[in-house]
Every structure is written in C-alpha cells, then in structure tokens.
Amino acid sequence: MKKLIPYLFLLFLLVSCKKDRVDASSTQAFQSSINDMASSLTTLQQIKFNEALYILKKFAVNGDDDITELKQLSKLLNGKNVEEILSLADQTAQKNGMDWTSTGPPSLGEMNIFGNVTASEVDKNDVEASSLNIDIVPVGSDSLGVKALKVVPRLVDQANKEIEFSDAGLETLMEVYSGGSKISTSKNIMSDNHFRGFYLNFSSIPQDKIFDNKIDIKVSIKTTKKTYQLTKTGISINPDALQKPKVVVSDSTALPTEVVPEVVQPVADPKNSVSKFLSNLNAQNLKAAYEGSQNPNWGSYESFSNTTSGFGAVKSLSVKSLSTNSTSATTSTVNASYDVTDKNGKTTSLQVVFGLKNVNGDWKIVSYQIQ
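Residues numbered from 1 in each chain as written. Predicted model: local features only at pLDDT ≥ 70, side-chain atom pairs only at ≥ 80, totals over all residues. Heavy atoms only, no water.

1. Notes on the pairing of strand β9 (residues 331-342)
Working step 1: Where strand β8 (residues 314-327) and β9 come together, eleven bridges link them in antiparallel fashion. Residue pairing in the sheet places V314 in a bridge with D342 of β9.
Working step 2: Counting the residues between successive antiparallel strands, the hairpin from β8 to β9 contains three residues.
Working step 3: Across eleven bridges, the pairing between β9 and strand β10 (residues 347-359) is antiparallel. From the neighbouring strand, D339 faces β10, where its bridge partner is S349.
Working step 4: Counting the residues in the hairpin turn of β9 and β10 gives four residues, including G345, whose phi is positive at 90°. (Pairing = 2+ DSSP bridges. Helix = DSSP H or I, 4+ residues; strand = E, 2+ residues; numbered from the N terminus.)

Below you can see the structure in the form of structure tokens.
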C-alpha cells in the first residue's frame with residue numbers, strides 16, 4: 001500500500017495541473033490550455049468547442065495570416081473558461097448572421113484552429129465545383145423603395161447546376177465597392193449549398209460613399225484547394241434608403257468654424273484619361289494602362305494583363321467616339337465606342353461606360369461597364 005501512495009500522489013498532481021481557463025502567456029501555453037479544457041469534455045462537446053474556437057478565430061479577431069489570428073485570439077480568450085468561450089462564439093455568430101449555436105448539432109465538419117496534425121480520412125472542406133453563381137434579390141420595399149439586397153452565392157458544376165455538400169466550414173467573404181472604393185466587408189461560413197447568404201442594408205451605407213448610385217459586389221468562397229470568386233458590377237441601389245449625413249447643429253452665438261476639405265481640381269478633361277488608356281491598350285503597353293486606373297474589379301496586374309481573360313488578349317484597338325456623360329469635382333463618367341481586335345484576329349464593337357475618380361488632381365478609371 002505504501003508503494004502505491006507516491007503513484008496516486010503523482011496522478012493527483014497530473015490531474016490538478018490541468019488548466020480550465022485559457023493561458024495566453026505564449027502560443028504553446030495557449031494551445032496546451034485549450035487541449036486541457038477540451039480533454040474534460042465529451043466527444044460532442046469537444047466538436048462544438050472546436051467549432052466555437054474556429055468561429056472566434058475567423059470572425060472575432062483580425063489578422064492577415066493564421067499566426068496573427070491565433071495571437072489575437074489568445075488575447076481575446078485569456079482567462080476565459082469553456083462556457084464563456086461558447087457564449088462569446090454565440091454572440092459572434094449572431095452578430096454575423098450565422099446559422100450556428102453552441103447548443104446545436106455539429107455543423108462545420110472537423111475544425112482545428114491550430115491546423116490538422118494528421119490528415120483526416122475525409123476533408124469536408126475539399127468541395128469541388130466548376131464556378132460560383134451569385135443571386136442578388138431586392139428585399140424590404142416600403143414607401144421609400146427597396147431597403148436592402150439579399151446576396152446569395154452558390155457553388156455550381158459545369159452544367160451550372162448547384163452541387164451538394166454538407167458539414168463544411170467554407171470561409172465566405174462579401175466585399176462591396178463603389179467608384180473603386182471599398183465600402184464594406186462581411187464574413188460568414190458556408191456549411192452547405194443552402195447557405196442563406198448576406199443581407200446588405202442600404203441604411204448602413206453612407207450616402208457620400210456611393211458613386212453614380214451603383215455598387216459592385218464581390219463574393220469569395222474558400223475551399224481546401226481553391227478560392228472561388230465572382231464580382232457583379234453596376235448594381236443599382238436606392239439612394240433614398242442610404243445613410244444620410246448627420247446634420248451638425250451649431251451654436252448660433254459662436255463664430256463659424258466649418259472646415260471645408262480641399263479638393264484638388266483636375267487639370268485635364270476626363271476623356272483624356274480614357275483616351276490615353278485605350279491608346280496604351282492599342283500599343284499593348286499594358287503596364288501604363290493598368291497604372292492609369294484604380295479599378296478593384298481588375299485585380300492585380302497579372303490578372304489585368306492575362307492573355308486569356310484580361311486585356312493581354314487585345315491585339316489592336318480603334319476608337320470611334322468618346323464623350324463625357326457627367327462630371328463633378330470628384331467623379332466623372334465617359335462613354336466610349338471602339339472596335340477591338342484580339343490575338344486571334346476577331347474584331348468586336350464595344351460600347352463602354354468608364355467611371356473615373358479625381359485622385360489628387362488626376363482622373364483615374366475606377367469602373368468599366370460594357371453596354
């Protein structure tokens with residue numbers, strides 16, 4: 001019996017040393033404390049705990065990579081126990097409009113915020129699709145008109161048929177642009193192809209951020225091996241439902257102190273910027289054409305100059321007409337009519353509306369819509 005006492009005492013020490021709260025003193029301590037907390041849970045509870053950690057890592061903190069996200073997450077969770085972490089995940093899911101609760105059944109597949117140590121037999125996030133579709137539906141109409149848009153992405157096969165999958169945890173991102181400037185970003189998790197999508201409430205969009213009452217919506221879905229992206233451009237919105245600028249009530253007895261931001265007036269006609277852009281395309285000087293624009297839909301220079309899907313396919317270009325549609329101190333639209341011949345010798349006539357923005361006195365192309 002005396003021989004057993006040291007072993008029982010050692011076992012007691014091992015059990016008592018297990019942590020029941022997050023230790024963020026280091027990355028190793030963070031992982032060790034998470035593992036200790038998970039070990040006291042049932043198998044089902046462990047799955048939901050891992051899902052909660054994954055949601056908090058992707059939606060409650062900001063970071064450009066996994067290491068930064070983990071560091072931010074450890075600071076957020078420092079000193080919290082399992083119940084507090086689950087509660088915080090519930091709040092985060094509700095805030096982002098996610099169909100997830102800590103008390104619901106497992107729904108995100110195998111989640112591990114520290115990365116998979118061993119390869120799983122089935123990777124639920126390894127979803128194979130041909131492309132991405134986006135349905136945009138106006139919703140919430142009242143006396144002022146449409147109040148919001150419902151943006152629903154769907155992964156489809158080569159026949160444009162929705163594919164079936166379940167129990168995944170695909171990171172889904174919606175970015176909204178207008179006039180080349182990003183207005184908002186929303187994130188969610190797609191667990192299957194019945195994803196409810198995003199709601200874009202016009203009342204959350206500042207009126208002064210909108211160019212020509214139109215927006216571009218870009219959706220990205222990240223699977224294990226590939227990220228699917230699609231952008232819908234030139235989507236009309238209801239200006240009456242946008243967020244109006246706040247009216248500042250000033251003291252009538254005080255001297256006016258209004259500060260008007262200085263706008264550098266453009267020194268050239270916006271048509272000149274479009275003409276220069278088209279001339280560079282005709283001369284196949286793609287670098288100069290790209291640098292004369294700030295259109296987020298064109299992406300990187302590699303994408304812009306792609307010989308299959310980008311302007312790298314242009315062999316020559318002949319301009320028929322250019323006309324300024326509307327111009328203010330900060331924005332302008334230019335209509336262009338031209339014939340473009342590709343590398344295969346095929347000629348196509350195009351009618352294009354260019355949107356431009358005043359950037360420190362220079363007109364930059366920020367949108368491009370083929371009519």
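What follows continues from the structure just given.
2. A few points about the layout of surface pockets
Gaps left between atoms show up when a probe the size of a water molecule is rolled over them.
Working step 1: Of the voids in this model, the largest pocket is the one considered here, and its volume is about 840 Å³.
Working step 2: Taken together, 30 residues make up the lining of the largest pocket; nearest its centre are N297, W298, S309, G310 and F311.
Working step 3: A per-class count over the lining of the largest pocket returns 14 nonpolar, 13 polar and three charged.
Working step 4: N96, G97, M98, N188 and G197 are, among the 29 residues lining the second largest pocket, the residues nearest its centre.
Working step 5: Residue assignment for the lining of the second largest pocket shows that the elements contributing at least two residues are α5 (82-95), β4 (181-190) and β5 (198-201).
Working step 6: Sort the elements by how many residues they give to the lining of the second largest pocket and β4 lands first, with six residues.
Working step 7: Within the lining of the second largest pocket, the residues separate by chemical class into eleven nonpolar, 13 polar and five charged. (1 Å grid on protein atoms, 1.4 Å probe; cavity = no way out; pocket = protein on both sides within 12 Å on 5 of 7 lines; lining within 4 Å. Points joined across faces, edges and corners; volume = space filled by probe spheres on them. Nonpolar A, V, L, I, M, F, W, Y, C, P; charged D, E, K, R; others polar.)

3. Re the confidence of the model for the protein
Working step 1: On average, residues of the protein score 81 in pLDDT, and 87% of them are at 70 or above.
Working step 2: Put simply, helix α1 (residues 4-16) is where the protein has its lowest mean pLDDT, 47, and strand β2 (residues 148-156) is where it has its highest, 91. (pLDDT = per-residue confidence, 0-100.)

4. So, the sheet that holds β5
Working step 1: Pairing in this open sheet of three strands is antiparallel, and the strands run β1-β2-β5 from one edge to the other. On the outer flanks of this sheet lie β1 (131-139) and β5, each paired with one strand and no other. Pairs of neighbouring strands in the sheet enclose a mean axial angle of 25°, with direction left out of account.
Working step 2: The sheet contact formed by β1 and β2 spans nine bridges and is antiparallel. Each residue of the ladder has a partner; that of I134, found in β2, is P153. (Axes fitted to C-alpha atoms, helices over the stretch in contact; angles between N-to-C directions.)

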